[in-house]
Each structure stands twice: as C-alpha cells, then as structure tokens.
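Inside the fold
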Amino acid sequence: MTQRGETQSKAKSTDDSAAPGFSQPGANDVSGVQDDWVAQTLKTSPAISITTDILPSDSAMGIEAPPLPTEQLLEMYRGALTIRLMEESLLAAAEEGKIGGAMHTAIGHEANAIGAAFALRPGDYITCTYRGHHHGLAWGMDPGRAIAEVMGRADGFAKGKGGSMHFVSPEHGLMGANGIVGAQAPHAAGLALASWLRGEDRVAITFFGDGAFYQGVMHETFNIAAKWKLPLIFYCENNRYSEMTPIWRTSSIDDIYLFPRSYGMASMQIDGNDVEVVHAAVSQAAARARAGEGPTFIEGITYRLAGHMAGDLETYRPQAEIEMQKAYEPLTVLRQKLRARGVEETQIAAINEEVDESMDEAVAFAEGSPWPDPAEAYRDVYT
Amino acid sequence: MRRTTYIQAINEALREEMRRDENVFLIGEDVGHYGGLFRVTRNLLDEFGEKRVLDTPISEQAFVGMALGAAMVGMRPIVELMYMDFTLVAADQIFNQIAKYAYMTGGLLNIPLVIRGQQGGGKRYGSQHSQSVESLYAHFPGIKVVAPATPYDAKGLLKSVIRDDNPVAFLEHKMLYFTRGDAPPPDEEHLIPIGKAEVKREGSDLTIATFSYCLLQALEGAATLHEKYGIDCEIVDLRTIEPLDTETIWESVAKTGRLLAVHESYAMCGIGAELVARAYEEVPHLLRAPARRVGMAPVSIPVSRALEEEVLPWKEEIIATVLEMERE
Ligand SMILES: Cc1ncc(C[n+]2csc(CCOP(=O)(O)OP(=O)(O)O)c2C)c(N)n1
Ligand SMILES: [Mg+2]
C-alpha cells in the first residue's frame, strides 16, 4: 500500500473505535483525527492521486455488514447486471448517434444504488444526479421506458422531455435526477421535512458525487438537516473524479466523510462497490433516521469504469488505473460472493442470459417507440 | 486568410491576451489540466502554469465571487462557466454583486472581468444545459454582453472584452464551436470594438437583426428566401447586445422599412422585445410594416430530437415569418 493509503488508514484506525460502524456526533475525538490527518496531508499532498491510492477494499470503516441471504444476493446481482447491460446498450446507441446531449453512465457505480435500494422501503424518497440511471433501475423503473426516454421517444417516462439527466419515477419514490450539481440535495431534505411534518416514517436519500461536495447548497443542506434532525441520508458516490478533474486537485480534504462531522452529523466511509456493505450502511442510516436521530452521511468509495459521459475520450486518466479498478468493481465482487456461497456457475450464467435477453427486448421496445408528437413540446409547462 | 474554428479563435485570443497582460488569468471547472470541457482553454496551462489557469471545484458562487474580488484590485479574471446555464447557480455574485459593484462604490472600484462560456440548444442537452441567457445579463445594468457568431468576430471581440474595464459576459454557442471561418493571423492586434453591429448580408426588402448561432440560421434562411421567393433580406449581426448598436440597425431599417428580430431565447422579455420596442420609440417613421420578433417557444428545452427541433426558432421559422411580413 502506498504512503498516502497508510496515512489514511492510520487516521481511520482511531475512528473505527466508534462502534457500530459509524461515529455518533461528538462521541469520538474527531477533531484529534482531523488534526492528525491535516498534518499528514500537508506533508504528503498532493504528490499521490487518491484515485489510485484508496482502493475500495481499503476503505470500509470496519462497518459490520452481516451477510445477506443468498437469494437476496442473487436478486441484487440480477439488478446490478441489468444496470450494467442497460448502460452498455446505451453507450453503444450513443456511438451510433442515437442519443444526443450529455449521457452519464453508472458503469462501476451499480452497487451503491442496488445496496441502498434493497435497504430502503417502498414509500421512501430518493433524489439523485444526472448520473442516475442506476438509481432509476434499482428503484424499479422499467428499462425499456428508461431507454426510450434517453433516446427521446414517446414511450419515455417523461415523454422524451427529460432524457438521461432527469430520471424520475414518483411511483417508485424517485423524485428526480438533476442536471445541476448539488441541486437535488435540498429537494431530498424537503422530502424528509414533509415526512417529518406529516408524522410519517418515510426517509429520504439523496445521491451525489464527490464533486458536488464543493457546492455551497450542499453545506447549507447539511447544516439544516443536522440541526432539524431530518430523516435523511446523504449518500456520496465518491468515484474520485469530477468530470475530467481528479478530486484531489480541487478538494481541500481527502476523506470527505470527515466534513459532515463538523455539522454534527454521523458519517462513515464505506466500500461503495460491495452491495452488502452499502446495504448495511444504508440500513443503519435509515434506522437512525426513522428513530428521529437525524441524518447520516455515507461516503461510498467507488469508481466509474466508463467515461464521465458518452464520447469522453478519457485522456485524463491512465488505462492502468481503470484496469486495476476492475478487480474491485461491483459485478466482480458480487460474483465472487456468490461463488463463495457455493452458487453454481450455471445459475450465474442463467441469470446472465435472462438479463441479456430482457435487455435486448428493452432496447427493441425503445427503438420501436415513435418520436413524440410535436404538440407534446407545448404540454406540461403549466398543469 | 487563415481559417480557424470558433474554438481555436477563442483559444488564440485568450493566449494572446494572457501573454500581453499578466493580470489576465483563467478560472473555472476543468479549464486547466483538461483544457476545458469543450477544449476551449486547451494547452493554456502548459504555457502559463497553474497560477494563471486555475482548476476549481464545482463551486460557481465561490469562484465567480473570487473573480470579483481579484478584479477589484486590478486583476483581469476570465471565468469559464462550463454551461452558461450555471449563471443561475452563481446568480447572486453576478447580478447582486458584480453588476453593481462599480456603481455602489461610486466608481471607486471598477471590475474588469469576463464571464464566458457556451450556451444554446441544438445538441439535445435538455432543459438545464441548453438555455440562452443573454437577456438575463442584458436586463441588469452594469454588465456588458457580447455574443459573436464567427471566429473572426469571436477573436476580435474577446480581445476587446478582456481589455475592457467593466464586467462583460461573453456568450459562445455550442453549435458554433466547430464552425470554421476567416481569422486574422495570430498575434495581430485584431480588435473588434464592443458595441458595434455589422451587416453580414446586404438586402433591400427586410432587416433581420440577430446574433450568435441564429445568424447562421438567418443567413441560410435568407439564401432560401432569395432563391425561392426573390426576397432580399439584409442581416445585421448585433455582435454586442449591451450596449446595443441601434444606429446600425436603424440605418438598415431606413433602407428596408421592415424589422424582424431573431434570437434563440424566448420571445417573452427577450432581446427581440427590446429591439421592437425601441424601434417604435425611436424610429416609428421608418417602419412600413409592423416590426416583429422570432424567439423559441415558451417551454423548457426538451431532450428529444423531435421536440427540440420543434421548439427552436431556426431557419424554417425565420422563413415563415419573413413571408408573413412580406404579405403585410
Ligand atoms: C452547478 C453545476 N456546475 C457544473 C456542472 C457540470 N458538471 C456536470 S457533472 C460535473 C462533475 C460532477 O462530479 P461529481 O459530483 O463527482 O459526480 P460524478 O459525475 O463523478 O458522478 C460537472 C462539473 C453542473 N452540471 N452543474
Ligand atoms: Mg465524481
């Protein structure tokens, strides 16, 4: 492990003393950790890229992730694979010129969405970002209609008006993906507020990237949510890049989960590529939220295996880095887990085949969907 | 004459002005090491280093406000907004602060900064990445607004804008980035004055006043109108929106007696509304038919190709409106 990694795990070993898996605000000596960490960072930064230093497997903060039933893992595998195949189909379609604009795929991010979706209940709310295909599918959207939307067809869930950056499905609790970095976080806080005002036990979760951390609105939302103890989960999918810029180049802090602690918020850093770890973390956070203990911040360390958006030439990161990350990507990790449980290769292969077939059908459905009627352009401005 | 892309023209203007004046620096997301999402600032970091080309976090309010701070003491920041839609993310700094600073300080301070970036539709980026924001900028006194359509104008205007002692919004268009056109040789003192429109096509029947990507649409439309209907439009490229060069427009209207304002942003409260209003205030006697405007439909910009084409006010809409006006 590199020098930087060592620095970080040193800081973490102090942190880990706070059971169970994340620290209660003020319950551990965060400031001590931070000082130590800052001192270390000043010495070493920014010679080494955190993109290659912190591998997901190094990052889980000792969170206890009880093994999930194999049946559920198989369902999670099916879900994650569905996302992966949809994203691959979409990238292929984009290359053929069938998709315009900015399309951000979630290849490599699947476990963050799947683990979280399985940990939450129907009735809970979610908001997310332009990189939101995985959340959409994990929360139950139909891939055919999702692809149709991205292609701008009439059968898209928003009739082709929203597209890739604006996935939405109120019936599944998905209240909207957003094209403006950070904008969706206060929306989730508002959903949590509504739940609290109405005396419901719904929680809201909002997903955002590492880059979003540096938008003022995020910090405004952290403070209010913590102060009002809103039933909210902040989930940061830290893929270590903000568009084409590695996050260490612009962030004052490496371990961003430390930030929310200064707002008095419980926070943890986890392996975002491991569905069981994500599931455990989100379950704990949801339990706290429902118990009226307020928001939790989760930093899921993950990695985006494809470009920032379709057409990205990826000149800003070495191929070797991507190759290395493949050992930790969610599907690989999931397959390893399944094999370790004694699941037969044939069973995995059967799922692969089924998902593959249903994705072919979804793509065919989307491509067969008509263009929207031009009159549609003028509807929905007002209701 | 050499030909360059619009992107290259801007890149050259930045480079030349950064060489000329060490107070000029660039700040924005991805502008440094990557060279900008659209590669407009490509290779500038190599020449000028990290102190002149600054990669920021996604913190528009902060870095736009910082540009204001640096400009107060005579630096000349050029802020790139990755999409001009993000004007709205940094709106307090732009409209409550930058636009008012010189005025509120009674002229004790002046703010020589540039906010630049691409705007506009046509590439299916959807509602939050395709808007045109010129009328927003023009509405608030204190910020000049420039929106060139050709590489030649882009280079000359950007150089002037960087040398201007006021805040200026320099609006590029994503559909213009890869268009090619004449460009003066590098390093020439090629300056196009702010506030000067230019006649881009001569004609005697009707004046189209437009800017940015709509200029190309209007030129195509005018060619069709000439070939098919024998109508000769004169096209005035505003180039600068604030301050508006109405003199050049009225000169043209004096010849044609008809005015059509064309732009991609909404007709409601758009630059066209302003132009038409001013025509009636200032030169009603020149108008032989009602002045009109064309803007995009009053809807958010949809992603679907079919719907985006429907709502953008391009060539077909210009042709149709001109034909209607000719019948009047
Ligand atoms: C306010 C705002 N600024 C800039 C952008 C352009 N932009 C889109 S994605 C992105 C990077 C976001 O990085 P991160 O939050 O880490 O999420 P990731 O894309 O890595 O999932 C940027 C700068 C935007 N959409 N909104
Ligand atoms: Mg990121």
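This text gives an overview of the structure that appears in the document. (Residues numbered from 1 in each chain as written. Chains lettered and ligands numbered in written order. Predicted model: local features only at pLDDT ≥ 70, side-chain atom pairs only at ≥ 80, totals over all residues. Heavy atoms only, no water.)

What to know about the nonpolar core
Most often, soluble globular proteins have nonpolar side chains that are buried together. What counts here: To define a nonpolar core, start from buried Ala, Val, Leu, Ile, Met, Phe, Trp, Tyr and Cys residues and group those joined through side-chain atoms within 4.5 Å. Relative accessibility decides the category of a residue: with a 1.4 Å probe and only protein chains considered, values under 20% of the type maximum give buried, values over 50% give exposed, and everything between is partly exposed. Throughout the structure description, domain borders are defined by an automatic or database domain assignment. Note on contacts: a residue pair is in contact if any heavy atoms of the two residues lie within 4.5 Å.
Residues A:Leu232, A:Phe297, B:Ile10, B:Leu14, B:Phe170, B:Ile208 and B:Val322 are the most contacted members of the largest nonpolar core, which totals 107 residues. The residue makeup of this core includes at least three contributed by each of domain 1 (2-183) and domain 2 (198-326) of chain B. In contact with A:Leu232, other than residues within four places in its own chain, are A:Ala188, A:Ala189, A:Ala192, A:Ala204, A:Ala225, A:Ala289, A:Gly294, A:Pro295 and A:Thr296. With 67 residues, the next largest nonpolar core counts A:Ala80, A:Ala146, A:Ala281 and A:Val355 among its residues.

Structural notes on the packing of aromatic side chains
The geometry of an aromatic ring pair is captured by two quantities: the separation of the ring centres and the angle between the planes. Residue and element names in this part refer to chain A. Under the convention used in this document: We call Phe, Tyr and Trp rings a pair once their centres come within 6.5 Å, taking the six-membered ring for Trp, and we label the pair stacked below 30 degrees between planes, edge-to-face above 60, and tilted otherwise. Secondary structure elements follow DSSP: runs of H or I no shorter than four residues count as helices, runs of E no shorter than two count as strands, and numbering proceeds from the N terminus. Only when the NZ atom of a Lys or the CZ atom of an Arg is both within 6 Å of the ring centre and within 35 degrees of the ring normal do we say a charge sits over the ring.
Counting across every chain of the model gives 22 aromatic pairs over all chains. Geometrically, the ring pair formed by Phe-213 and Phe-259 is stacked, given 5.3 Å between the ring centres and 20° between the ring planes. Here the residue Phe-213 occupies a position in the loop between strand 3 (204-209) and helix 10 (216-227), and Phe-259 occupies one in the loop between strand 6 (245-246) and strand 7 (266-271), the gap between them amounting to 46 residues. Taken together, the ring pairs connect Phe-208, Phe-213, Tyr-214, Phe-222, Phe-234, Phe-259, Tyr-263 and Phe-297 into an aromatic cluster. Above the face of the Trp-371 ring, Arg-153 is positioned so that its terminal group lies 4.3 Å from the ring centre. Positioned over the ring face of Tyr-241 is Arg-317, at 5.8 Å from the centre of the ring.

Topic: the environment of A:Asp312
Here is the rule we go by: N or O atoms within 3.5 Å of each other form a polar contact, as long as, within protein, one can give a hydrogen and the other can take it, and as long as residues adjacent in sequence are counted only when both atoms are side-chain atoms.
Of note, A:Asp312 is situated in the loop between strand 8 (296-301) and helix 12 (319-325). Sequence separation between A:Asp312 and A:Met244 is 68 residues; the distance between their C-alpha atoms is 8.9 Å. Leaving out residues up to four positions away in the same chain, A:Asp312 has contacts with A:Met244, A:Arg304, A:Gly307 and B:Tyr34. Among the polar contacts listed, one links the side chain of A:Asp312 to the backbone nitrogen of A:His308, at a separation of 2.7 Å.

Digging into the coordination of the magnesium ion (ligand 2)
Residue and element names in this part refer to chain A. Definition in use: The donor set covers N, O and S atoms within 2.8 Å of the metal, switching to 3.2 Å for Na, K and Ca, and it leaves out water, so a site may look short of donors.
Within the protein, Asp-210 (OD), Asn-239 (OD1) and Tyr-241 (O) serve as the donor atoms for the magnesium ion (ligand 2), at 2.0 to 2.2 Å. We note that the donor set of the magnesium ion (ligand 2) lies within a single chain, spaced as D-x28-N-x1-Y. Here the residue Asp-210 occupies a position in the loop between strand 3 and helix 10, and Tyr-241 occupies one in strand 5 (residues 241-242), the gap between them amounting to 31 residues.

Here we look at empty space enclosed by the protein
Put simply, the rule reads: With a 1 Å grid spanning the protein atoms alone, the term cavity applies to any set of points in which a 1.4 Å probe fits but cannot get out, the term pocket to an open set with protein on both sides within 12 Å along at least five of seven lines, and the term lining residue to any residue with an atom within 4 Å of a point. Grid points are joined across faces, edges and corners, and a volume is the space filled by probe spheres set on the points. When residues are grouped by polarity, Ala, Val, Leu, Ile, Met, Phe, Trp, Tyr, Cys and Pro land in nonpolar, Asp, Glu, Lys and Arg in charged, and all others, Gly among them, in polar.
Counted under the stated rule, the structure contains 7 cavities of 30 Å³ or more. Lining of the largest cavity is provided by 40 residues; of these, A:Tyr130, A:Val181, A:Glu243, A:His308 and B:Ile58 occupy positions nearest its centre. If you list the elements that add at least two residues to the lining of the largest cavity, you get helix 7 (133-138), strand 3 and strand 5 of chain A. With 3 residues, the single largest contributor to the lining of the largest cavity is strand 3 of chain A. Grouping the constituent residues of the lining of the largest cavity by class yields 16 nonpolar, 16 polar and 8 charged. In this structure, the second largest cavity encloses a volume near 70 Å³. Tallied by class, the residues present in the lining of the second largest cavity amount to 7 nonpolar, 6 polar and 1 charged.

Things to note about the sheet that holds strand 13 (residues 259-266) of chain B
All names here are of chain B. Spelled out, the test is: By this definition, two strands are paired if DSSP reports at least two bridges between them. Each axis is a line fitted through C-alpha atoms, taken for helices only over the stretch in contact, and angles between the N-to-C directions span 0 to 180 degrees.
Here we have 5 strands laid out as an open sheet, ordered 9-11-10-13-14, and mixed in their pairing. For this open sheet the edge positions go to strand 9 (198-201) and strand 14 (292-296), each flanked by a neighbour on one side alone. Going from strand to strand, the sheet's axes swing by 25° on average, the running direction of each strand aside. The pairing of strand 10 (residues 206-210) with strand 13 spans 3 bridges and is classified as parallel. Across the sheet, residue Ala-209 finds its bridge partner in strand 13, namely Ala-261. Along the sheet, helix 8 (residues 246-256) contacts strand 9, strand 10, strand 11 (233-237) and strand 13; its crossing angle with strand 11, the most-contacted strand, is approximately 175°. This element, helix 9 (residues 271-282), spans strand 10, strand 13 and strand 14 of the sheet and lies at about 155° to strand 13.

Things to note about the interface of chain B and chain A
Many authors give the size of an interface as the accessible area that is lost as the parts come together. Defined as follows: In short, buried area is how much 1.4 Å probe accessible area vanishes from two parts on joining, totalled over both. Salt bridges are counted wherever a side-chain nitrogen of Lys or Arg sits within 4 Å of a carboxyl oxygen of Asp or Glu.
Taken together, the contact pairs 32 residues of chain B with 40 residues of chain A. Looking only at chain B, the three residues that lose the most surface to chain A are B:Tyr34, B:Ile58 and B:Leu307, adding up to 21% of its buried area. On inspection of chain B and its partner chain A, the count reaches 0 salt bridges. On the surface where chain B and chain A come into contact, there are 16 residue pairs in polar contact (both at pLDDT 80 or more). Tallying contributions element by element places helix 10 (residues 305-311) of chain B first for the side of chain B that touches chain A, with 5 residues. Class assignment for the residues of the side of chain B that touches chain A results in 18 nonpolar, 6 polar and 8 charged.

Details of the site of ligand 1
Rules: When we say a residue is near a molecule or strand, we mean one of its heavy atoms is within 4 Å of it. Per-residue and other accessible areas follow the Shrake-Rupley method at a 1.4 Å probe size, with only the shown protein chains counted as cover for residues. Should more than half of a molecule's atoms lie within 2 Å of a pocket's or cavity's grid points, that molecule is taken to sit in it.
A:Arg131, A:Gly179, A:Gly211, A:Asn239 and B:Glu60 are the nearest of the 22 residues found near ligand 1. Around ligand 1, the neighbouring residues derive from chains A and B rather than from a single chain. Backbone polar atom of A:Tyr241 to an oxygen atom of ligand 1: 2.9 Å apart, as the coordinates give it. Interatomic distance of 3.2 Å between a side-chain N/O atom of A:Glu243 and a nitrogen atom of ligand 1. Here ligand 1 has 580 Å² of accessible area as a free molecule, and 98% of this is covered by the chains. The site holding ligand 1 turns out to be the largest cavity. When grouped by side-chain class, the residues that make up the shell around ligand 1 number 9 nonpolar, 8 polar and 5 charged.

Geometric descriptors of this kind do not, in isolation, establish any biological role.
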